Amino acid sequence: MAQAIQKITLSTARDIPFNKLTLSQENVRKIKAGVSIEDLAEDIAHRGLLTSLNVRPELDGDGNETGIYRIPAGGRRYRALERLVAQKRLAKTAGVPCIVSKSETLEVEDSLAENLQRVSLHPLDQFRAFQTLREQGLGEEDIAARFFVSIATVRQRLRLASVSPRLLDLYAEDEMTLEQIIAFSITNDHVRQEQVWDTISRSHSREPFYIRRLLTETAIRASDRRAVYVGIEAYEAAGGVTMRDLFDQDQGGWLQDPALLEQLVMEKLKADAEAIQVSEGWKWVEAAFDFPYGHTSGLRRFYGEQAEMTEDELARYDATRAKYDKLDAEYAEADEYSEATEQKLEELGSELDRLNDRPYVFDPQEVARGGVFVSLGAGGELKIERGFVRPEDEPKDETDPSADACDDGADHGSDLLATRAAGGEGTEPDDEDETIKPLPDRLVLDLTAARTIALRNALANNPVIAFVAVLHAFVLKIFYVYGSDSCLEVTLQSARFSQTAGLGDTVWAKEIDQRQEGWGQDLPKDPNDLWDFLIKLDEVSRQALFAHCASLSVNAVIEPWNKRTRAIAHANQLASSIGFDMVEAGWTTTADNYLGRVTKAHILQAVREAKGDQAAEFIGHLKKADMACEAERLMTGCGWLPEPLRMMVEEGTIEHNAVGDTIGSDEGETIFEAQDLPAFLVEEPETSSDDTGDTESAIDGEHLAAAE
């Protein structure tokens with residue numbers, strides 16, 4: 001005979017006046033967590049009490065009910081109701097929905113069971129619920145206000161809900177982590193999201209940073225100089241799409257349409273160039289993203305003169321300078337730091353800089369034959385190089401100033417041959433003719449030859465003037481392209497490196513350009529005035545100018561068709577003499593300048609030399625592009641140099657890198673530890689093993705404040 005199943009009797013539900021309720025001391029929740037009492041009170045006021053309180057009748061000593069009910073489960077709801085009563089928004093005698101339990105179990109069991117048996121909402125359910133609310137007409141601000149979260153949090157949840165449904169289903173099945181979903185959310189292109197997932201699911205690397213890299217590899221950073229120049233607003237107004245990462249610092253995001261961006265850049269560059277040409281009157285203006293290094297070679301450069309201050313500006317400058325000097329002197333004697341004084345000094349200094357920063361005025365005749373190069377600076381600003389004259393635009397009387405220069409050997413030779421052919425050699429003048437005729441050419445040659453030898457000897461005994469003479473020839477060659485008239489047969493050549501991309505953006509090239517610009521402003525406009533200028537120049541400035549000109553003749557380039565062995569050996573001697581070091585000069589090995597331009601074998605060799613065999617083994621399985629990026633990260637700060645940049649201790653012997661460690665030797669090998677690599681190179685990524693329950697643990701992290 002089957003045994004009858006005992007039926008369960010549920011606790012009764014009824015409304016109990018609020019003033020008949022009290023908290024039980026057996027409630028297990030002692031630590032504040034989740035939504036605040038204030039926010040919970042506002043939620044109850046908005047939508048009512050959604051969950052009844054669990055209560056037990058209080059008994060007196062004889063076991064009789066006293067009419068008071070203790071609350072072992074639902075204490076936070078009670079506190080929220082208590083707040084509404086205190087605000088007089090709820091009557092003290094208002095009925096509160098309660099489940100009255102008369103179970104024989106302990107009160108603490110009720111409190112513990114209610115909290116342990118409750119399963120929190122899965123994050124994905126939250127995201128989709130927010131999406132449903134928006135589809136039903138609620139705005140982001142309304143959703144944020146109703147659930148007491150920030151608008152940014154609402155946008156984050158809505159962005160996660162917009163990820164490809166296929167990937168969200170994988171996340172729901174714990175086959176993807178929340179961090180991976182966050183990484184995929186930077187783009188709204190579901191096809192691209194699924195392509196990337198299919199790619200990484202077959203590889204070792206499934207880290208969020210790798211997902212972002214793949215999703216943005218064809219996009220352009222908003223911090224790129226082209227994007228800064230055009231502006232994100234103009235790009236988006238033209239129909240461009242910008243990817244944004246709502247969970248991390250993305251520096252403005254990524255622009256997904258490079259072709260559109262470049263079109264906008266060229267249109268704006270041309271418009272800016274035309275505006276400069278029209279407003280300033282230049283004969284020509286060339287515009288480009290970049291010009292090759294040395295693009296001004298062969299062009300004469302002329303400089304403008306800074307406009308003079310007006311009387312009013314001069315008076316303001318003097319007054320501001322006096323204030324600055326007085327305040328600076330007083331502050332120097334003060335014992336304590338003063339933020340107000342620092343700010344005032346900065347304001348006065350900025351005013352002085354503004355008054356000093358006056359425009360340059362160019363000669364209108366030079367402007368009419370000269371031109372301008374317009375390109376983009378490294379920070380997205382307009383880079384304007386003014387004052388260049390092409391050879392064909394030079395005045396006719398200046399097109400070949402070297403025709404009568406004293407170093408034109410061909411002319412002298414032809415003159416000498418002509419003189420000899422006419423019987424000039426040894427010919428004496430006709431004494432019977434009383435007319436004074438020009439001296440015979442041969443006599444002039446002999447006399448000036450003697451003068452030349454005597455002048456050489458005198459110059460050799462005057463090192464100071466000899467230095468000035470060579471400097472004069474150098475400056476003529478560097479700064480006065482069509483005025484190189486020197487009696488010294490000294491040549492100075494400056495090699496051009498137009499095929500080396502990015503060379504003009506290096507710190508070295510910028511320093512050279514700044515020196516060139518500075519001296520160009522200081523030197524006289526007429527080459528005939530240069531000698532007197534150099535004679536009057538102080539010794540330190542003279543040496544600095546000499547060093548600048550001499551430095552432009554250095555050529556240590558190894559060309560495929562010309563190894564220049566002796567010249568390179570001399571370059572090493574020169575570098576050694578001045579203590580030159582490529583690492584100290586600022587060189588760092590990157591994917592752009594070396595690692596991405598060599599084979600995988602070269603990349604692994606570089607990592608092996610810089611960080612050891614173990615490091616090379618850890619990245620050996622990567623594709624070339626990823627290998628180059630990871631190698632750059634691993635080698636940062638190690639001082640490794642490619643072979644052409646290393647100093648030779650002795651020709652044909654051991655090579656050393658810039659920091660002095662022997663390359664490739666066991667003694668110099670760096671000990672490598674696994675923690676130097678990202679997690680995906682050390683071990684397989686683990687899928688989340690968390691249960692679908694705890695919202696706080698599932699979403700807690702720096703990327704998302706989504707579920708409280």
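As a reminder, the structure under discussion sits directly above these lines.
In this report, we go over the structure that sits alongside the text. (Residues numbered from 1 in each chain as written. Predicted model: local features only at pLDDT ≥ 70, side-chain atom pairs only at ≥ 80, totals over all residues. Heavy atoms only, no water.)

Here we take up the packing of helix H4 (residues 123-135) against helix H5 (residues 140-147). Packing of H4 against H5 leaves a shortest axis separation of 10 Å and a crossing angle of 125°. By the angle between their axes, H4 is oblique relative to H5. Of the two possible hands of crossing, H4 and H5 adopt the one that is right-handed. Listed contacts from H5 to Phe 130, Leu 133 and Arg 134 of H4 are Glu 140, Ile 143 and Phe 147. (Axes fitted to C-alpha atoms, helices over the stretch in contact; angles between N-to-C directions. Helix = DSSP H or I, 4+ residues; strand = E, 2+ residues; numbered from the N terminus. Parallel < 35°, antiparallel > 145°, perpendicular 65-115°, else oblique. Left-handed = near helix turned anticlockwise from the far one by under 90°. Contact = heavy atoms within 4.5 Å.)

A few words now on the pairing of strand S5 (residues 95-100). Side-chain positions along a regular strand alternate between the two faces of the sheet. Side chains Val 96, Cys 98 and Val 100 of S5 all project onto a buried face; the interleaved residues Gly 95, Pro 97 and Ile 99 project onto a face where none is buried. Looking at chain direction, strand S1 (residues 12-17) and S5 are connected through 6 bridges and run antiparallel. Paired with Ala 13 across the strands is Ile 99, a residue of S5. Pairing analysis gives 3 bridges linking strand S3 (residues 53-59) to S5, with the strands arranged parallel. Across the sheet, the residue bridging to Val 55 is Val 100, located in S5. (Buried < 20%, exposed > 50% of the residue type's maximum accessible area, 1.4 Å probe, protein only. Pairing = 2+ DSSP bridges.)

Next up on the list: a negative patch on the surface. Residues Glu 339, Glu 342, Glu 346 and Glu 347 make up a contiguous surface patch of negative charge. The residue Glu 342 is located in helix H15 (residues 339-356) in this model. Relative accessible area serves as the criterion here: at 33%, Glu 342 is assigned to the partly exposed category. (Patch = residues over 30% accessible without salt bridge, like charges linked within 9 Å, V, L, I, M, F, W, Y side chains within 5 Å. Areas by Shrake-Rupley, 256 points an atom, 1.4 Å probe, with all protein chains shown as cover. Salt bridge = Lys/Arg side-chain N within 4 Å of Asp/Glu carboxyl O. Lys, Arg positive; Asp, Glu negative; His and termini not counted. Charge placed at Lys NZ, Arg CZ, Asp CG, Glu CD.)

What follows concerns the sheet that holds strand S2 (residues 21-23). Spatially, the 5 strands line up as an open sheet ordered S1-S5-S3-S4-S2, and their pairing is mixed. Each edge of the open sheet carries a strand with a single partner, namely S1 and S2. When the angles between neighbouring strand axes are averaged without regard to direction, this sheet yields 50°. The sheet strands contacting helix H2 (residues 75-86) are S2, S3, strand S4 (65-73) and S5, and the helix crosses S2 at an angle near 125°.

As a further point, take the packing of helix H1 (residues 37-47) against H2. The interhelical angle for the contact between H1 and H2, taken along N-to-C directions, is 75°, at an axis separation of 8 Å. When the axis of H1 is compared with that of H2, the two are roughly perpendicular. Each of Ile 37, Glu 38, Leu 40, Ala 41, Ile 44 and Ala 45 in H1 lies in contact with H2, whose residues at this interface are Arg 76, Arg 77, Arg 79, Ala 80, Leu 81, Arg 83 and Leu 84. Tallied by class, the residues present in the contact of H1 with H2 amount to 8 nonpolar, no polar and 5 charged. (Nonpolar A, V, L, I, M, F, W, Y, C, P; charged D, E, K, R; others polar.)

Attention now goes to the nonpolar core. With 27 residues, the main nonpolar core has Leu 167, Met 176, Ile 181, Phe 184 and Ile 200 as its most contacted residues. Contributing elements (two or more residues each) for this core: H4, helix H6 (151-161), helix H7 (165-172), helix H8 (178-184), helix H9 (190-200) and helix H10 (208-216). Sorting elements by how many residues they give to this core places H8 first, with 5 residues. Discounting chain neighbours no more than four positions away, the residues touching Phe 184 are Val 163, Leu 167, Met 176, Gln 193, Val 196, Trp 197, Ile 200, Ile 211 and Leu 215. Ala 222, Leu 255, Leu 264 and Val 374 belong to the second largest nonpolar core, which has 23 residues in total. (Core = buried A, V, L, I, M, F, W, Y, C linked by side-chain atoms within 4.5 Å.)

Along its 12 residues, helix H26 (residues 624-635) runs 16 Å from first to last C-alpha, staying within 8% of the 16 Å computed at 1.5 Å per residue. The complete set of buried residues in H26 reads Asp 626, Met 627, Ala 628, Glu 630, Ala 631, Leu 634 and Met 635. Following H26 by one or two positions, Gly 637 adopts a phi angle in the positive range, close to 80°. (Expected span 1.5 Å × (residues − 1).)

In this section: helix H24 (residues 600-611). Between its first and last C-alpha, H24 extends 16 Å over 12 residues, near the 16 Å set by a 1.5 Å rise per residue. All of the buried residues along H24 are Ile 603, Leu 604, Ala 606, Val 607, Glu 609, Ala 610 and Lys 611. Buried residues along H24 sit in contact with helix H25 (613-619) and H26. Positive phi appears at Gly 612, one or two residues downstream of H24, with a value of about 105°.

Let us now look at the packing of aromatic side chains. Counting across every chain of the model gives 11 aromatic pairs. Both rings, one in Phe 184 and one in Trp 197, keep their centres 6.4 Å apart while their planes meet at 70°; by these two values the pair is edge-to-face. In this pair, Phe 184 is assigned in helix H8 and Trp 197 in helix H9, connecting sequence segments 13 residues apart. Across the pair, exposure class does not vary: Phe 184 and Trp 197 are buried alike. It is Lys 268 that lies over the ring of Tyr 229; its NZ or CZ is 4.5 Å from the centre. The ring of Trp 284 has Arg 390 lying over it, and the distance from NZ or CZ to the ring centre is 4.0 Å. (Phe/Tyr/Trp six-rings, centres within 6.5 Å; stacked < 30°, edge-to-face > 60°. Lys NZ or Arg CZ within 6 Å of the ring centre and 35° of its normal.)

What the 3 strands build is an open sheet, ordered S6-S8-S7; its pairing is antiparallel. If you trace the sheet from one side to the other, it starts and ends with strand S6 (220-221) and strand S7 (242-243), each paired once. Taken together, the 2 bridges between S7 and strand S8 (residues 254-255) define a ladder with antiparallel strand orientation. Bridge pairing in S8 links Met 243 to Trp 254.

Let us now look at the pairing of S4. Examined bridge by bridge, S2 and S4 share 3 bridges and lie parallel to one another. When the bridges of S4 are listed, Leu 23 appears paired with Ile 71.

This part is about the side chain of Ser 164. Position of Ser 164 among the secondary structure elements: in the loop between H6 and H7. On the accessibility criterion, Ser 164 (0% relative accessible area) is buried. With residues up to four places along the chain from it excluded, the contact list for Ser 164 reads His 190, Gln 193 and Glu 194.

Together, Val 554, Leu 574, Ile 578 and Phe 580 make up an exposed nonpolar region whose accessible area comes to about 370 Å². Relative to the elements of secondary structure, Leu 574 occurs in helix H23 (residues 565-577).

The next thing to look at is the pattern of salt bridges. Applying the stated criterion across every chain, the model contains 28 salt bridges. Among the salt bridges present, the one from Glu 630 reaches Arg 633, with a minimum N-O distance of 3.2 Å. Here the residue Glu 630 and the residue Arg 633 both occupy positions in helix H26, the gap between them amounting to 3 residues, near one helical turn. Among the residues examined, Glu 630 registers a relative accessible area of 3% and is labelled buried. Using a relative accessible area of 38% as the deciding quantity, one classes Arg 633 as partly exposed. Residues joined in a network through salt bridges with shared partners are Arg 213, Asp 626, Glu 630 and Arg 633.

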